[in-house]
Structures are given as structure tokens and as C-alpha cells.
Amino acid sequence: MTRAAGGRSAGRAARGGAAEARGGAAEARGGAAEARGGAGEGAAARLTGAQAHARYEALVARAMTAEDPVAALRAAAEDPALPPTLRRALLDADEDGVRMSALLVARLRFERLLRGSPEAEAWFDRDPAEFSAAFRRYHAEVPPTAFFPPGEARLFRRWIEARSAPARAR
């Protein structure tokens, strides 16, 4: 996802971020009080390279489901827990590439859902506008974790059930 969402510069920055995160340990030893406080740049020193990259990937994945994925990446770049190279990668991501990646993510989820859920497919056939509005809300609220149609169908079904549970409780 890094290359698709951020282009070549993001890939280079992500690879360089591990070295910087490892180097941040020395910085944390020098400024332990700041690191324990969790404010500002000291928060980045608390993350290992793997943790920083996992956080970066989660932020990129979340941006792919945002209404405005470019704005979401820009906001994610403000995360003080990320090392500067990963923050820079988020800022340097090609805007058109980010938008295209987000569209592809949405399209793949939509296709997986319709292939995995006869109920969703019937709903789409019956009322495409209503289903599309529901899918947009689902896409924004539920992180994309399914790889195959049955998994996407399960996520969607749980989302529908969770939304209707409060109405049944009244």
C-alpha cells in the first residue's frame, strides 16, 4: 500500500524510517524525561521501527476509507508519534495517486461485498441509491480487513446488525 498510496518518495522514506526509528533510541536515552512525558517529538522516540511502520500503515489504510483521503493523509502527518521521515512520506504522497488508490480500495470492497453477499446484491438491484449510501457509510466506518468476498460479507452483516441493534432495543 505504501507505494500505491505514496509513490516512490514514500517508499524511500518508509525504508529510511526504520533506521531513523532505531536512531531515535539514542535520542530517547538523552531526553528520557521528554520521552516519558509523551509530548511533541519525544513520543516518536517511544516507538520501535516496527511499531512506527505499523502505525504509518494503519494511518494510510484509514485514509483510504476517508471521504477526503488526501486531507486524511495530511492530518495523519501531524501524528507526533511518527518519526519525521514517515511524517514527511505522508506529506509527500502524490495527491492523484492517493485519490486513485482510495477509489480502487472502495471499488474492490464493493465488488467483494456484492460477490460475497446475495442479500447485499439483492439490495443493490432493488435500490442502488440506498445501497450505495449505506455502502459509503460502511466503507468509512469499517476498516478494510477482509481479503475475500465471504469475509467482506461478514463485516457488512455485522455492521448492519450493529446499526439495527439500538433500534431494536428501544
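Residues numbered from 1 in each chain as written. Predicted model: local features only at pLDDT ≥ 70, side-chain atom pairs only at ≥ 80, totals over all residues. Heavy atoms only, no water.

Turning to the overall build of the chain, a few remarks are in order. The number of helices and strands found in the chain is 10 helices and zero strands. Ordered by position in the sequence, the α and β elements of the chain form the string α-α-α-α-α-α-α-α-α-α. Here the chain holds 170 residues, and 39% of them are scored as buried. Within the chain, counting contacts between residues at least 6 apart in sequence, those at least 24 apart form 62% of the total. Here the chain has roughly 9,800 Å² of accessible surface; of this, 57% comes from carbon and sulfur atoms. (Helix = DSSP H or I, 4+ residues; strand = E, 2+ residues; numbered from the N terminus. Buried < 20%, exposed > 50% of the residue type's maximum accessible area, 1.4 Å probe, protein only. Contact = heavy atoms within 4.5 Å. Areas by Shrake-Rupley, 256 points an atom, 1.4 Å probe, with all protein chains shown as cover.)

Residues Tyr-56, Met-64, Leu-73, Leu-90 and Val-98 are the most contacted members of the largest nonpolar core, which totals 19 residues. Breaking this core down by element, the ones donating at least two residues are α4 (49-63), α5 (69-76), α6 (84-92) and α7 (95-116). With 14 residues, the next largest nonpolar core counts Leu-113, Phe-131, Phe-135 and Leu-155 among its residues. (Core = buried A, V, L, I, M, F, W, Y, C linked by side-chain atoms within 4.5 Å.)

A word on α6. Among the residues of α6, those classed as buried are Leu-86, Arg-87, Ala-89 and Leu-90. For α6, the angular spread of buried residues about the axis comes to 155°, placing them on one side. (Arc of directions from axis to C-beta.)

Attention now goes to the packing of α5 against α7. A packed helix pair is summarised by two numbers, namely the angle formed by the two axes and the spacing between the axes. Running from N to C, α5 and α7 point in directions that differ by 115°, and their axes come no closer than 9 Å. In terms of axis orientation, α5 runs roughly perpendicular to α7. The segment α5 lies against α7, with Pro-69, Val-70, Leu-73 and Arg-74 engaging Glu-95, Val-98, Arg-99 and Ala-102. Its residues assigned to classes, the contact of α5 with α7 comprises five nonpolar, no polar and three charged. (Axes fitted to C-alpha atoms, helices over the stretch in contact; angles between N-to-C directions. Parallel < 35°, antiparallel > 145°, perpendicular 65-115°, else oblique. Nonpolar A, V, L, I, M, F, W, Y, C, P; charged D, E, K, R; others polar.)

Bringing the packing of aromatic side chains into the picture now. The tally for this structure, following the rule as stated, stands at 11 aromatic pairs. An angle of 50° between the planes, with centres 5.9 Å apart, marks the rings of Phe-135 and Tyr-138 as tilted. One end of the pair, Phe-135, and the other, Tyr-138, are both in helix α9 (residues 128-141), three residues apart, so they sit about a helical turn from each other. Both residues of the pair, Phe-135 and Tyr-138, count as buried. Three or more aromatic residues joined by ring pairs make a cluster, and in this case those are Phe-110, Trp-123, Phe-124, Phe-131, Phe-135, Tyr-138, Phe-156 and Trp-159. (Phe/Tyr/Trp six-rings, centres within 6.5 Å; stacked < 30°, edge-to-face > 60°.)

Attention now moves to the pattern of salt bridges. A complete count under the given rule lists nine salt bridges for this structure. The salt bridge involving Arg-88 is made with Asp-92; its shortest N-O contact spans 3.1 Å. Pair noted here: Arg-88 and Asp-92 are both in helix α6, with a separation of four residues, about one helical turn. Taking the relative accessible area as the measure of exposure, Arg-88 reaches 45% and is therefore partly exposed. Three or more residues joined by partner-sharing salt bridges are found here, namely Arg-74, Glu-95, Asp-96 and Arg-99. (Salt bridge = Lys/Arg side-chain N within 4 Å of Asp/Glu carboxyl O.)

None of the figures reported here should be taken as evidence of function without further support.
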